[in-house]
Amino acid sequence: MNVMKNLFSMAAVVAVALLVMTACAGKSETNDGTNNFRIKRGTNLSHWLSQNNEDRGEARKQHIQEDDFARLDSLGFDFVRIPIDEVQFWDEEGNKLPEAWDLLTFALDECGKHHLRAIVDLHIIRSHYFNAVNEEGQNANTLFTSEEAQQQLINMWYQLSDALKGYSCDSVAYEFMNEPVADEHEQWNQLIAKVHKALREREPQRTLVIGSNRWQGYETMKYLKVPEGDKNIVLSFHYYNPMILTHYGAWWAPVGKYTGKVNYPGILVSKEDYEACNDTLKAIIDENKYNTVEWNIDRIRADFKDAIEVAKKYDLQLFCGEWGVYEPVDRELAYRWTKDMLAVFDEFNIAWTTWCYDADFGFWDQQKHDFKDKPLVDLLMSAKGLEK
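Residues numbered from 1 in each chain as written. Predicted model: local features only at pLDDT ≥ 70, side-chain atom pairs only at ≥ 80, totals over all residues. Heavy atoms only, no water.

Peer 1: Give me the environment of K372: which residues, what numbers.
Peer 2: With respect to the secondary-structure elements, K372 resides in the loop between β12 (370-371) and α14 (374-381). Since its relative accessible area comes to 30%, K372 is described here as partly exposed. The sequence separation of K372 and D358 amounts to 14 residues, and the corresponding C-alpha distance is 8.9 Å. Residues within four places of K372 in sequence aside, it is in contact with E327, D358, A359, G362, F363, W364 and D365. A polar atom in the side chain of K372 sits 3.3 Å from the side chain of E327. (Helix = DSSP H or I, 4+ residues; strand = E, 2+ residues; numbered from the N terminus. Buried < 20%, exposed > 50% of the residue type's maximum accessible area, 1.4 Å probe, protein only. Contact = heavy atoms within 4.5 Å. Polar contact = N/O pair within 3.5 Å; in protein donor to acceptor, adjacent residues only side chain to side chain.)

Peer 1: Please give an account of the pairing of strand β2 (residues 79-85) that cites residues and values.
Peer 2: Across the 7 residues that make up β2, a large majority, 7, are buried. Here 3 bridges tie strand β1 (residues 41-44) to β2, and the two strands are oriented parallel to one another. Within the sheet, the bridge partner assigned to T43 lies in β2 and is V80. As paired strands, β2 and strand β3 (residues 117-124) are joined by 7 bridges and run parallel to one another. In the sheet register, I82 faces β3, and the bridge partner there is V120. (Pairing = 2+ DSSP bridges.)

Peer 1: Any chance you could break down the packing of aromatic side chains for me, citing the residues and the numbers?
Peer 2: This structure, assessed with the given rule, holds 27 aromatic pairs. With centroids separated by 5.0 Å and ring planes inclined at 90°, the aromatic side chains of Y239 and F304 adopt a geometry described as edge-to-face. Of the two residues, Y239 is situated in the loop between β6 (233-238) and α9 (243-246) and F304 in helix α12 (residues 297-314); the sequence distance between them amounts to 65 residues. Seen from their ring centres, W252 and Y326 are 5.2 Å apart, and the 80° between their planes marks the pair as edge-to-face. Taken together, the residues span a long stretch of sequence, with W252 in the loop between α9 and β7 (266-267) and Y326 in the loop between β9 (317-322) and α13 (331-347) at a distance of 74 residues. The exposure class of Y326 is buried, given its relative accessible area of 10%. Taken together through their ring pairs, the aromatic side chains of Y218, F237, Y239, F304, W323, W337, F345 and W352 make up a single cluster. The ring of Y158 has R202 lying over it, and the distance from NZ or CZ to the ring centre is 3.8 Å. Cation over ring: K374 sits above F371, and NZ or CZ is 5.5 Å from the ring centre. (Phe/Tyr/Trp six-rings, centres within 6.5 Å; stacked < 30°, edge-to-face > 60°. Lys NZ or Arg CZ within 6 Å of the ring centre and 35° of its normal.)

Peer 1: Summarise the packing of α13 against α14; cite the residues concerned and give the values.
Peer 2: It is at 10 Å that the axes of α13 and α14 come closest, and there the two elements cross at 15°. The orientation of α13 with respect to α14, classified from their angle, is roughly parallel. As α13 runs across α14, the sense of the crossing is right-handed. Each of Y335, T338, K339 and L342 in α13 lies in contact with α14, whose residues at this interface are P375, L376, L379 and L380. Partitioning the contact of α13 with α14 into residue classes produces 6 nonpolar, 1 polar and 1 charged. (Axes fitted to C-alpha atoms, helices over the stretch in contact; angles between N-to-C directions. Parallel < 35°, antiparallel > 145°, perpendicular 65-115°, else oblique. Left-handed = near helix turned anticlockwise from the far one by under 90°. Nonpolar A, V, L, I, M, F, W, Y, C, P; charged D, E, K, R; others polar.)

Peer 1: Just give me the short version of α13, but keep the residues and values in it.
Peer 2: Its 17 residues place the ends of α13 24 Å apart at the C-alpha level, agreeing with the 24 Å of an ideal helix rising 1.5 Å per residue. Along α13, the residues classified as buried are L333, A334, Y335, W337, T338, D340, M341, L342, V344, F345 and D346. Looking at the buried positions of α13, the neighbouring elements they touch are α9, α12, β9, β10 (351-354) and α14. (Expected span 1.5 Å × (residues − 1).)

Peer 1: Describe the pattern of salt bridges, and please don't skip the residues or the numbers.
Peer 2: Opposite charge on two side chains allows them to pair when their charged atoms are near. For the coordinates displayed, the defined rule picks out 27 salt bridges. When the shortest N-O distance is used, the salt bridge between E332 and R336 registers 3.6 Å. Placement of the pair is E332 and R336 together in helix α13, with a separation of 4 residues, close to one helical turn. E332 sits in the partly exposed class, given a relative accessible area of 43%. Residues joined in a network through salt bridges with shared partners are R81, D121, E175 and E322. (Salt bridge = Lys/Arg side-chain N within 4 Å of Asp/Glu carboxyl O.)

Peer 1: Got a sec to walk through the sheet that holds β9? Specific residues and values, please.
Peer 2: With parallel pairing, 8 strands are arranged side by side around a closed barrel as β1-β2-β3-β4-β5-β6-β9-β10. Shown here is a sheet whose adjacent strand axes are inclined to one another by a mean of 25°, direction ignored. In this structure, β1 lies alongside β10, joined through 3 bridges in parallel fashion. By the bridge assignment for β10, R41 is matched with W352. Its contacts with the sheet put helix α7 (residues 185-202) on β5 (208-211) and β6, and the angle it makes with β5 is roughly 175°.

Peer 1: Outline the packing of helix α6 (residues 147-164) against α7, listing residues and values.
Peer 2: At a closest axis distance of 10 Å, the pairing of α6 and α7 adopts a crossing angle of 30°. Our classification of the angle between α6 and α7 gives roughly parallel. Crossing of α6 over α7 shows right-handed handedness. Residues E147, Q150, L153, I154, W157, Y158, S161 and D162 of α6 form the contact with α7, whose own contacting residues are L191, K194, V195, A198, L199 and R202. Each residue belonging to the contact of α6 with α7 can be placed in one class, and the counts come to 8 nonpolar, 2 polar and 4 charged.

Peer 1: Tell me about the side chain of H63, and name the residues and values.
Peer 2: Note on placement: H63 falls in helix α2 (residues 58-63). Not counting residues within four places of it along the chain, the set of residues in contact with H63 comprises S46, H47, W48, D55, D68, D358 and Q366.

Peer 1: Lay out unusual backbone geometry with the relevant residues and their values.
Peer 2: Cis geometry marks the peptide bond from N241 to P242; its omega dihedral reads -5°. Looking at where P242 falls in the secondary structure, it is placed in the loop between β6 and α9. The omega torsion of the bond from Y264 to P265 falls at -5°, within 30 degrees of zero and hence cis. Position of P265 among the secondary structure elements: in the loop between α9 and β7. Look at E179: it is not a glycine, yet its phi comes out positive at around 40°. Relative to the assigned elements, E179 resides in the loop between β4 (172-175) and α7. Classification of E179 by relative accessible area gives buried; the value is 8%. We note that Q216 has phi near 55°; this positive angle belongs to a residue other than glycine. Within the secondary structure, Q216 sits in helix α8 (residues 213-216).

Any link to function would need more than the numbers given here.
Here it is in C-alpha cells:
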C-alpha cells in the first residue's frame, strides 16, 4: 500500500511539473521556440504597485479591481504593462511583503480572464531610480558599479520567476528593469547579458522586454547589444518629445516651468514667448530647438528611425512602453500629437502602452469612476489593433 501511495505521489509531482512546463511553453507558432506573445495597444497600470508611497492595505486593494481589466478589454486594449517597485515587494532585509505579491498575481489572473496580455515591469529598485539625477536627496545609483547590487537584481527576478513561471509564455512577459541610466552604454549591455543568462536558465521561452540606456531613449537604441539568436525578446523605448508640450506644467520637470504658449505642429515656441522666458528656460528651449525647428509627424518618424532599424536588424518586435501627455496640457494640442504618434506606430507596426491608465497622464478617473478624457480613448482605439 505504501509503495502504491509513493507511486501516486511521484506521478502527481511529475504531472504538476509537466503542466508548468506546458504552460510556459505556450502555443508556439513556429518550430524555433518562438512563443505567441503578441501585443499592439496597451496602457500602464501606474501608481499602484509602483511610485505609490501612500496606499497600502484596503486602499491599494481597491485601487485596481476586476472591473478595470474588464473595461480595458471592452475598450479594445489587448495588454497592460504593470510597473512594480522593490520597496513594495521586499522589505529592507529582502523579505517578501505578501500583499503586493498577491495583488500582482490577482492582476495577472484578471488579465487572463479578460483577454489581456501583461508585461511585468520592475520599475524602481533600491540601487537604481531613473529620476535620481533630477531629485535632491536621492542616493546615487549604485547598480552599475556594484556586483552585489547586480546580483540582488538577479535574485529579485529569481523570486519573481518562481512566483510567475506558471503563467503562459504567450500571456506574460518580463521587463527586468525600467529606464536604465548608466554612465556608459556598455555598463547596461553587460548587465543585460547577466540578467538574460540568469533568466534563460530558468525560463528559456519567456518573452523578455529590453530597453535602451539613458531613460530608454530612442536615440540610444543604436548602442544596445541584444543577446543573439533569442527571438523571445521585445525591444523597448520611451518617447515624450517634445517635452515642452507633453510635460507642460509638470512640477517635476524643469521644462514644466514654461508658461508661454505652445504650438503643435510647427515651431513650438514663438519668438515673443521665447523672449519672455528667463535664462534657464531659454537654455532649455535652445538646447532642444523648440524655437527654431518644426515639430510634426515627420520629426516623430525621424526620431524613431534608429529604434526601427535596430528592431529590423534583430528581427524583433518594437515596443514604445511609455508615451503620453500630462493632464493639464491643452487637449487639442494633446490630440494632435497623439494622432501623429499613433500614425507612426501603425506605419511601422510598433506596439505601445500609454502612460497611463488612471494617474496624471491617464484617461480614467478612479474616484469618479468615469472617463476623464473619453475623446482620448476614442482616438487611441482608432489605431490599429492586433491582427486576428
